[in-house]
Each structure stands twice: as C-alpha cells, then as structure tokens.
Amino acid sequence: ALAFLLADRAALTLEMVLIYIAVGAVSVVLHDIAHRIVASRHGEDADTRFWGLGTIIMFITAWLFGNAFGQPYRNLVNRGDDLDLRRAGIEMVAGPAVSIVLTFVFLAMVTLGGTWAVAGGIGFTINLIMAVYSLMPIRTMDGLEIWHWNRGVYLALFIPMLLFYFYTFMVLA
C-alpha cells in the first residue's frame, strides 16, 4: 500500500493512507487466498512468506517510475515430489484470475463518486498491476507455472491484460 501511495504521488493525508492500506490489503489478501484455497483443495500445504527483494523492487519502481511493480511476498506451496503441471498451473492461475476480476470491480466503483471513486481508482491500479506482474513468466511469479501447464490459458490471460495495462498507463495517462 505504501509503495502504491509513493508511486501515485498521493497526498499524505490520513484518509488517503487508510484507503491505500484497506484497498491494498483486500487486493493482496484475496489474490493470496485464491492460491491457498486451490492448493488446499489439491491437498497441498501453502504458505506466504515476506520477500524482501520484492519489497525493495516495489519501492524502487514506485520512486523511479511512478508505478509500484513488484511483490512483497511469495506464495510457497509444498508439493512434495509430485510435480503435476496441471495442478500447479491451476493453483497459480487462481491468484491472477482474482486480481483480474478485482481490477474490473474496482473500475466499476469509480462511477460511484466520492471516496468510493478514489478507492476504486486505487484498487483498479493495484489489481491491474498485480495481475500483469503475477503473470510474468519468471520463476518467482505465477506466470511460469501457468505457461508450463497450458500456453493457451497463459496467453489468453496475459496478452489482453498486458495490452490493457499499456493502454491504461501509456495512452490514457
């Protein structure tokens, strides 16, 4: 929440800090809960760990580029020796799918005006960035396991969200 507050160059009022913390918490927690629910249904142990490097990356990108692109935590799933690509892919697609849905829920909140519009705009930004970032096909993100499981699903999620991200932050901004 604080990295997004820095990225947006928002006013440091109590109301803005509370909105960023509430919206950021909802966004991150729901993304993580989706992973954990699906992993639990597959009978696997899931945990969340603070990731210092991801936090540093978020603050650096927020400060330098005005866009908090990073992740302050990592989901760890204890799969044992059983590497089922389908199961792992489904577990990893759950988080970005929730972030994608929340992106558009928060976008709709913008039409409500007032504090709801402010929270909606903040939630829209946070969830859009989380969706795109978590879909990156690198080892520490969800995207690589989705890519290994099903390239069609990966491309159907990543390409539209990446284009929407570029449109939102480069054309509209």
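Keep in mind the model is a prediction, meaning the values are calculated, not measured.

1. Let's talk about the packing of helix α5 (residues 114-134) against helix α7 (residues 151-171)
- At their nearest, the axes of α5 and α7 sit 9 Å apart, and the two run at 140 degrees to each other. Put simply, α5 runs oblique to α7. Seen along the crossing, α5 lies across α7 with a hand that is left-handed. In this structure, α5 uses Phe124, Thr125, Leu128, Ile129, Ala131 and Val132 to contact α7, whose residues at the interface are Phe158, Met161, Leu162, Phe164, Tyr165, Thr168 and Phe169.
- Classifying every residue of the contact of α5 with α7 by side-chain character gives 11 nonpolar, two polar and no charged.

2. With respect to the nonpolar core
- Within the largest apolar cluster, 27 residues are counted, with the highest numbers of intra-cluster contacts made by Val23, Ile122 and Val132.
- Secondary structure elements with two or more residues in this core: α2 (14-41), α4 (85-109), α5 and α7.
- Ranked by residue count, the leading element in this core is α5, at nine residues.
- When residues no more than four places from it in sequence are discounted, the contact partners of Val23 are Phe106, Ala119, Ile122, Gly123 and Ile126.

3. Focus on α5
- An ideal rise of 1.5 Å per residue puts 30 Å on 21 residues; α5 measures up with 30 Å between its terminal C-alpha atoms.
- Most of α5 sits inside the fold, with 16 of its 21 residues counted as buried.

4. Side note on the packing of α4 against α5
- Where α4 meets α5, the closest approach of the two axes is 7 Å, and the angle between their N-to-C directions is 155 degrees. Here α4 lies roughly antiparallel to α5, going by the angle between them. The hand of the α4/α5 crossing is left-handed. Of α5, the residues touching α4 (which contributes Pro96, Ser99, Ile100, Leu102, Thr103, Phe106, Leu107 and Met109) are Trp116, Ala117, Ala119, Gly120, Gly121, Gly123, Phe124, Asn127, Leu128, Met130, Ala131 and Ser134.

5. Quick look at the packing of aromatic side chains
- Overall, the coordinates contain six aromatic pairs when judged by the stated rule.
- Their ring planes at 80 degrees and their centres at 5.9 Å tell us that Phe124 and Phe164 sit as a pair that is edge-to-face. Pair noted here: Phe124 is in helix α5 and Phe164 is in helix α7, with a separation of 40 residues, a long-range link.
- Taking the relative accessible area as the measure of exposure, Phe124 reaches 10% and is therefore buried.
- Of the residues examined, Phe164 reaches a relative accessible area of 22% and is grouped as partly exposed.
- Residues Tyr154 and Phe158 carry aromatic rings whose centres are separated by 5.3 Å and whose planes lie at 20 degrees to one another, so their mutual orientation is stacked.

6. Examining the confidence of the model for the protein
- Here the protein shows a mean pLDDT of 82. Residues at 70 or above account for 77%.
- Mean pLDDT across the elements of the protein bottoms out in strand β2 (residues 73-78) (63) and peaks in α7 (94).

Parameters at a glance
- Residues numbered from 1 in each chain as written.
- Predicted model: local features only at pLDDT ≥ 70, side-chain atom pairs only at ≥ 80, totals over all residues.
- Heavy atoms only, no water.
- Axes fitted to C-alpha atoms, helices over the stretch in contact; angles between N-to-C directions.
- Helix = DSSP H or I, 4+ residues; strand = E, 2+ residues; numbered from the N terminus.
- Parallel < 35°, antiparallel > 145°, perpendicular 65-115°, else oblique.
- Left-handed = near helix turned anticlockwise from the far one by under 90°.
- Contact = heavy atoms within 4.5 Å.
- Nonpolar A, V, L, I, M, F, W, Y, C, P; charged D, E, K, R; others polar.
- Core = buried A, V, L, I, M, F, W, Y, C linked by side-chain atoms within 4.5 Å.
- Buried < 20%, exposed > 50% of the residue type's maximum accessible area, 1.4 Å probe, protein only.
- Expected span 1.5 Å × (residues − 1).
- Phe/Tyr/Trp six-rings, centres within 6.5 Å; stacked < 30°, edge-to-face > 60°.
- pLDDT = per-residue confidence, 0-100.

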